[in-house]
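Architecture and fold: a report
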Amino acid sequence: MLRPVEAAFDAVHPDRIIHLAAQSSVHRSWEDPAGTVRSNVLGLLNMLEAVRRRALAPRILVIGSAEEYGQVDPKEIPLEETAPLRPNSPYAVSKVAQSYLALQYALSHQMAIIRTRTFHHTGPGRGEIFAESSFARQIAEIELGRRPPVIEVGNLEAVRDFSDVRDVVRAYWALLDRGEPGEVYNVCSGRSLRIRDLLEQLIARAEADVEIRVDGARLRPADIPALVGNPRKLVQATGYVPEIGLPQTLADLLQYWRQRLGAGRPSLPQAVR
C-alpha cells in the first residue's frame, strides 16, 4: 500500500496533513482485530514514510482516540493527557500504537507531528455503526413506518464526553496552526453524559412513541464505564471554544437521518462538507 501513498505525494506536496484514515469502530475491532491493527498502524506508517522519503515538511495532525485511556480510575476523571493508558480493545491498542509511532517520527526525523486523543463526537453524517447515530436512524425509520416502534440498544449506562463534529474540525485546524509538535492534546468538551441521557434527548424529538429494548449483540466484550476529558491543554494552546451545543447537534443528526431515509441523500451543513 505504500506505492499509492507515494504516488499521491508525488502529485501533491501538502503543507498540512490531517491523518484520519482508520478503522474507527471499537465494536468492529473485536470482530476483526488483525484488520484493525493492520489498517490503523500500517496505514499511518505508509503515510509517514512517504513524507520522510520525499523530505517534505508539512505540519501533520495524527488523530487518536480517548479509547487509548481505557479502564480509567474514576479519580482520574476528567482525564488529562498525563493519565496512564490502559487500552482494553483491539481498536484502543491500535490507536496507542499509532500515537507512539507518530511520536517516534517526530523525535527521530524532526517531523512536525501533533497528536490528539479525541473524545466522542457526533453530528449529521455520523456512521450508523455508532450508538447515537444508530438511535437517530431507528427513530427516523419508526417515524416512516419502516420498523416497529422499538429502539434496540447496547449499554446505556456508559458515561461519555460528547462534542459536535463541526467543533472538533475547528479544534483540529487550530492545532495545526498552534499545536506544539510532539505533543498530544485531548479534544473534548469536559462534560459528562450517559448514553441513556443522550438517547432520551433524541426520543424527546421523536414524532412517534417508542420502546427501548437491549440487544445483546450490541454489547461489547469489555466496555469502559466512563471517559470524560479535560480540554485545558487544548484551550491553552489554541484558544479553542466550542460553538455548537449538544441539543443542536442531536437535532441536526436526527434531521440528517429523516432526510436521508425519507427523501434520498441529504445535503450536509456547509461546515461539515
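An account of the accompanying structure is given in this report. If you're wondering where the values come from, they're calculated on a predicted model, not measured in any experiment.

Relative to the 28 Å expected for 20 residues at 1.5 Å per residue, helix α4 (residues 90-109) spans 28 Å between its end C-alpha atoms, a close match to the ideal helical length. Gln110 occupies a position one or two residues after α4 and carries a positive phi of about 50 degrees.

What follows covers the packing of helix α3 (residues 33-53) against α4. For the pair α3 and α4, interaxial distance at closest approach is 8 Å and the crossing angle is 15 degrees. When the axis of α3 is compared with that of α4, the two are roughly parallel. In terms of crossing hand, the pair formed by α3 and α4 is right-handed. Residues Pro33, Thr36, Val37, Asn40, Val41, Leu44, Leu45, Leu48, Glu49 and Arg52 of α3 form the contact with α4, whose participating residues are Pro90, Tyr91, Ser94, Lys95, Ala97, Gln98, Leu101, Ala102, Tyr105 and His109. In terms of residue class, the contact of α3 with α4 is built from 12 nonpolar, five polar and three charged.

Moving on to the pairing of strand β3 (residues 113-118). Working note: regular strand, side chains alternate between the two faces of the sheet. Along β3, six of the six residues are buried, which leaves the element largely enclosed by surrounding structure. Of the two faces of β3, both are covered, the one formed by Ile113, Arg115 and Arg117 as well as the one formed by Ile114, Thr116 and Thr118. As defined by bridge partners, strand β2 (residues 59-65) adjoins β3 across six bridges and the pair is classed as parallel. In the sheet register, Ile60 faces β3, and the bridge partner there is Ile113. After leaving β2, the chain enters α4 and then returns to the sheet as β3, a path that is right-handed. Pairing analysis gives four bridges linking β3 to strand β8 (residues 184-187), with the strands arranged parallel. Its bridge partner being in β8, Arg115 is matched across the sheet by Val184.

Throughout the structure, instances matching the rule amount to two aromatic pairs. Judged by centre distance (6.1 Å) and plane angle (35 degrees), the rings of Tyr69 and Phe119 are tilted. Residue Tyr69 is found in the loop between β2 and α4, and its partner Phe119 is found in the loop between β3 and β4 (121-122); the two are separated by 50 residues along the sequence. Between Tyr256 and Trp257, the ring centres sit 5.3 Å apart and the planes meet at 75 degrees, which makes this aromatic pair edge-to-face. The same class applies to Tyr256 as to Trp257, namely buried. Seen from the ring of Phe130, Arg126 lies directly overhead, with NZ or CZ sitting 3.7 Å from the centre. The cationic tip of Lys233 hangs over the ring face of Tyr185; the distance from NZ or CZ to the ring centre is 5.0 Å.

Ranked by internal contacts, the top residues of the largest apolar core, which has 23 residues, are Phe135, Ile151, Leu198, Leu202 and Trp257. Mapped onto this core, the elements with two or more residues apiece are α5 (131-143), β5 (150-153), α7 (195-204) and α9 (246-263). Looking at which element gives the most residues to this core, the answer is α9, with seven residues. Those residues in contact with Trp257 that lie beyond four places of it in its chain are Arg126, Glu128, Ser133, Ala136, Arg137, Ala140 and Gly262.

Assignment of secondary structure puts Leu199 in helix α7. For the pair Leu199 and Asp252, spaced 53 residues apart in the sequence, the C-alpha separation amounts to 14 Å. Discounting chain neighbours no more than four positions away, the residues touching Leu199 are Phe135, Ile151, Val153, Leu156 and Ile212.

Reading guide: rules and limits
- Residues numbered from 1 in each chain as written.
- Predicted model: local features only at pLDDT ≥ 70, side-chain atom pairs only at ≥ 80, totals over all residues.
- Heavy atoms only, no water.
- Helix = DSSP H or I, 4+ residues; strand = E, 2+ residues; numbered from the N terminus.
- Expected span 1.5 Å × (residues − 1).
- Axes fitted to C-alpha atoms, helices over the stretch in contact; angles between N-to-C directions.
- Parallel < 35°, antiparallel > 145°, perpendicular 65-115°, else oblique.
- Left-handed = near helix turned anticlockwise from the far one by under 90°.
- Contact = heavy atoms within 4.5 Å.
- Nonpolar A, V, L, I, M, F, W, Y, C, P; charged D, E, K, R; others polar.
- Buried < 20%, exposed > 50% of the residue type's maximum accessible area, 1.4 Å probe, protein only.
- Pairing = 2+ DSSP bridges.
- Right-handed = clockwise from strand over helix to strand, strands pointing away.
- Phe/Tyr/Trp six-rings, centres within 6.5 Å; stacked < 30°, edge-to-face > 60°.
- Lys NZ or Arg CZ within 6 Å of the ring centre and 35° of its normal.
- Core = buried A, V, L, I, M, F, W, Y, C linked by side-chain atoms within 4.5 Å.

Just geometry here; none of it tells us what the structure is for.
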